[in-house]
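Residue-level structure breakdown
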Amino acid sequence: SPPATRFAIAAAALEVIEAIGADRGRVLPVSGFACFADAPDVALALPFVVGRAGIVARGIDELTPLLRQAAQGVEEQVRVMRAAV
């Protein structure tokens, strides 16, 4: 990949590492499990609070019904694929 891409990935990783190490509680766009009761295996890339405790899903209950429906659809596909294995 181009040098600029590698630099951006490294800079983003450093932001996450610093947020965890310093327990900053920063809001960062990272992928994490949103803790939907009806879609527990679905990770979403959303603005999460990142700190020493890991990723904290805040405001998940306020997400639009369409996003929740999308997460449920992905969860259903995960179940289908697991059953096929």
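Just above, that's the structure.
Anyway, here's the lowdown on the structure attached to this text.

Basis of the calculations
Residues numbered from 1 in each chain as written. Predicted model: local features only at pLDDT ≥ 70, side-chain atom pairs only at ≥ 80, totals over all residues. Heavy atoms only, no water. Helix = DSSP H or I, 4+ residues; strand = E, 2+ residues; numbered from the N terminus. Buried < 20%, exposed > 50% of the residue type's maximum accessible area, 1.4 Å probe, protein only. Contact = heavy atoms within 4.5 Å. Areas by Shrake-Rupley, 256 points an atom, 1.4 Å probe, with all protein chains shown as cover. Pairing = 2+ DSSP bridges. Axes fitted to C-alpha atoms, helices over the stretch in contact; angles between N-to-C directions. Expected span 1.5 Å × (residues − 1). Core = buried A, V, L, I, M, F, W, Y, C linked by side-chain atoms within 4.5 Å.

Remarks on the overall build of the chain
- In terms of helices and strands, the chain carries two helices and three strands.
- Sequence-ordered secondary structure for the chain, helices as α and strands as β, is α-β-β-β-α.
- Within the chain, buried positions represent 21% of all 85 residues.
- Partitioning the contacts of the chain with sequence separation of at least 6, the portion at a separation of at least 24 is 42%.
- For the chain, the accessible area works out to roughly 5,900 Å², and carbon and sulfur atoms hold 64% of it.

Observations concerning the sheet that holds strand E1 (residues 26–33)
- Pairing in this open sheet of three strands is antiparallel, and the strands run E1-E2-E3 from one edge to the other. Looking along the sheet, the strands with just one partner apiece sit at the ends: E1 and strand E3 (54–56). With strand direction ignored, the average angle separating the axes of adjacent strands in the sheet is 60 degrees.
- Both strand E2 (residues 43–51) and E3 contribute to a ladder of three bridges, which runs antiparallel. Within E3, the residue paired with Gly-51 across the bridge is Gly-54.
- In this fold helix H1 (residues 3–21) packs onto E1 and E2, with an angle of close to 100 degrees to the strand it touches most, E1.

Quick look at the pairing of E2
- Bridge count for E1 against E2 is eight bridges, and the pairing is antiparallel. Residue pairing for E2: Ser-31 is matched across the bridge by Ala-45.
- In sequence, E2 turns back onto E3 through a hairpin of two residues.

Looking at H1
- Over its 19 residues, H1 runs 26 Å from end to end, which matches the ideal 27 Å to within 8%, given 1.5 Å per residue.
- Following H1 by one or two positions, Asp-23 adopts a phi angle in the positive range, close to 50 degrees.

Focus on the nonpolar core
- Of all hydrophobic cores here, the largest spans 10 residues; its members are Ala-19, Leu-28, Val-30, Ala-39, Val-42, Leu-44, Leu-46, Phe-48, Val-50 and Ala-71.
- Looking at this core, the elements with two or more residues in it are E1 and E2.
- Among the elements that line this core, the one with the most residues is E2, at four residues.

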